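# Examination of the molecular architecture
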Amino acid sequence: MTPERRRAIWAIYVWCRRTDELVDGPNAPHITPTALDRWEARLEDLFNGRPFDMLDAALANTVNKFPVNIQPFKDMIEGMRMDLRKSRYKNFDELYLYCYYVAGTVGLMSVPVMGIAPESLASTESVYNAALALGIANQLTNILRDVGEDAQRGRIYLPQDELAQEGLSDEDIFSGKVTDKWRNFMKKQIKRARMLFHEAEKGVKELNASSRWPVSASLMLYKQILDEIEANDYNNFTKRAYVSKAKKLIALPVAYVRSLVAPSTISSSHRN
Ligand SMILES: CC(C)=CCC/C(C)=C/CC/C(C)=C/CC/C(C)=C/COP(=O)(O)OP(=O)(O)O
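Predicted, not measured: the structure shown is a model, and the values here were computed from it.

What follows deals with the site of the ligand. Taken together, 20 residues sit near the ligand, with Arg17, Asn138, Gln139, Asn142 and Arg145 positioned nearest. Within the contact set of the ligand, an oxygen atom lies 3.0 Å away from a side-chain nitrogen or oxygen of arginine 17. Arginine 145 places a polar side-chain atom, nitrogen or oxygen, 3.2 Å from an oxygen atom of the ligand. Considering the ligand on its own, with 760 Å² of exposed area, one finds that the protein chains cover 75% of that surface. Only α1 (3-24), α5 (92-114), α6 (124-145), α10 (180-204) and α11 (209-231) provide two or more residues apiece to the shell around the ligand. With 8 residues, the single largest contributor to the shell around the ligand is α6.

What follows is the structure, given as structure tokens:
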């Protein structure tokens, strides 16, 4: 990315990381809804040009330079509130909403910084939809990778109705045995995550040329975690699926070549 865009993405990353740390970090046991309200007031202040500290100032600078909207930031804080009060998700609709709050929002925050290619004919809405799909796909992958870890904290970020359809219960997750029922369940979850990655892929070529490589690379790397879960024979209870350094290195030039694909324009569609 251009240095200016890189710094802006960094500022967004830092704000998201700090938001996540409120509920996941060392101070998490002391975090109350009131603390999140204060964090939201700080967010509004920085959007109004009154940052509280240096890191807020970095984001204040970003929102001055790029047409970033405050809504996805507020929605991410809402996701943290949801995480405080909820540890089960009835169905995929409920899980989707959670994934939008904590990850889909990141896609929406990033598009105004990454930029849409001036020659792109895609609608703005379709590019935002692809960005949203990437955030959701990443979060679902993260959830599927961390089932065992989350269960240790008493949390199950999986659709309860889909677990029941496979004849699985919370107890099965806590006992952590890889059975055929579990493999079947996981296959369906992986398929859904892959569909969302596919949705996202369609949007990458519509981004500004300099933003395509990093997005394409991170998409490929995160998607490969799903392959690793399969390679672990769906044992995401005691094995952490990860992409090896060698595979990561191979993904970079592949993503680079993919990032050279230009958006479909009137002239290119006439070429055929
Ligand atoms: C595709 C188009 C058009 C644009 C790109 C839009 C972007 C950048 C989308 C990416 C969104 C993104 C990076 C979401 C974050 C999701 C996620 C799972 C973060 C991981 O959070 P943690 O749970 O803290 O992860 P670790 O546990 O690995 O630290």
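Back to the write-up after that little detour.
This part is about the state of the cysteines. In this structure the tally under the stated criterion is 0 disulfides. Here cysteine 16 stays free of any disulfide, with the sulfur of cysteine 99 as its closest cysteine sulfur at 15 Å. In this structure cysteine 99 comes out as buried when scored by relative accessible area, which is 0%.

In this section: the environment of arginine 194. Take arginine 194: it is sitting in helix α10. On the basis of relative accessibility, which here comes to 29%, the residue arginine 194 falls in the partly exposed class. Spatially, the C-alpha atoms of arginine 194 and leucine 140 are 9.7 Å apart, while their sequence positions differ by 54 residues. Look past the residues within four positions of arginine 194 in its chain and what remains in contact with it is Leu226, Asp227 and Glu230.

Further remarks concern the packing of aromatic side chains. In this description, an aromatic ring pair is defined by two values, namely the gap between the centres and the angle between the planes. This model, assessed by the stated rule, comprises 11 aromatic pairs. For the ring pair tyrosine 89 and tyrosine 98, a centre distance of 5.4 Å and an interplane angle of 40° mean the geometry is tilted. Of the two residues, tyrosine 89 and tyrosine 98, both sit in the buried class. Seen in terms of ring centroids, tryptophan 182 and phenylalanine 237 are 4.7 Å apart; in terms of plane orientation they differ by 35°. Their pairing is tilted. With tryptophan 182 in helix α10 and phenylalanine 237 in the loop between α11 and α12 (245-259), this residue pair connects regions lying 55 residues apart in the sequence. We note that tryptophan 182, like phenylalanine 237, is buried.

Moving on: the domain arrangement of the chain. Considered domain by domain, the chain is made up of domain 1 (1-69) and domain 2 (86-262). One C-alpha centre belongs to domain 1, the other to domain 2; they are set 24 Å apart. If you look at the interface, domain 1 gives 13 residues, while domain 2 gives 12 residues. Roughly 950 Å² is buried in total at the junction of domain 1 and domain 2, and carbon and sulfur atoms are behind 70% of that figure. For the domain 1 face of the interface with domain 2, the top three residues by lost area are Met1, Arg5 and Ile12, together amounting to 49%.

Conventions used here
- Residues numbered from 1 in each chain as written.
- Predicted model: local features only at pLDDT ≥ 70, side-chain atom pairs only at ≥ 80, totals over all residues.
- Heavy atoms only, no water.
- Near = heavy atom within 4 Å.
- Polar contact = N/O pair within 3.5 Å; in protein donor to acceptor, adjacent residues only side chain to side chain.
- Areas by Shrake-Rupley, 256 points an atom, 1.4 Å probe, with all protein chains shown as cover.
- Helix = DSSP H or I, 4+ residues; strand = E, 2+ residues; numbered from the N terminus.
- Disulfide = S-S within 2.5 Å.
- Buried < 20%, exposed > 50% of the residue type's maximum accessible area, 1.4 Å probe, protein only.
- Contact = heavy atoms within 4.5 Å.
- Phe/Tyr/Trp six-rings, centres within 6.5 Å; stacked < 30°, edge-to-face > 60°.
- Domains from an automatic or database assignment.
- Buried area = accessible area lost by both parts, 1.4 Å probe.

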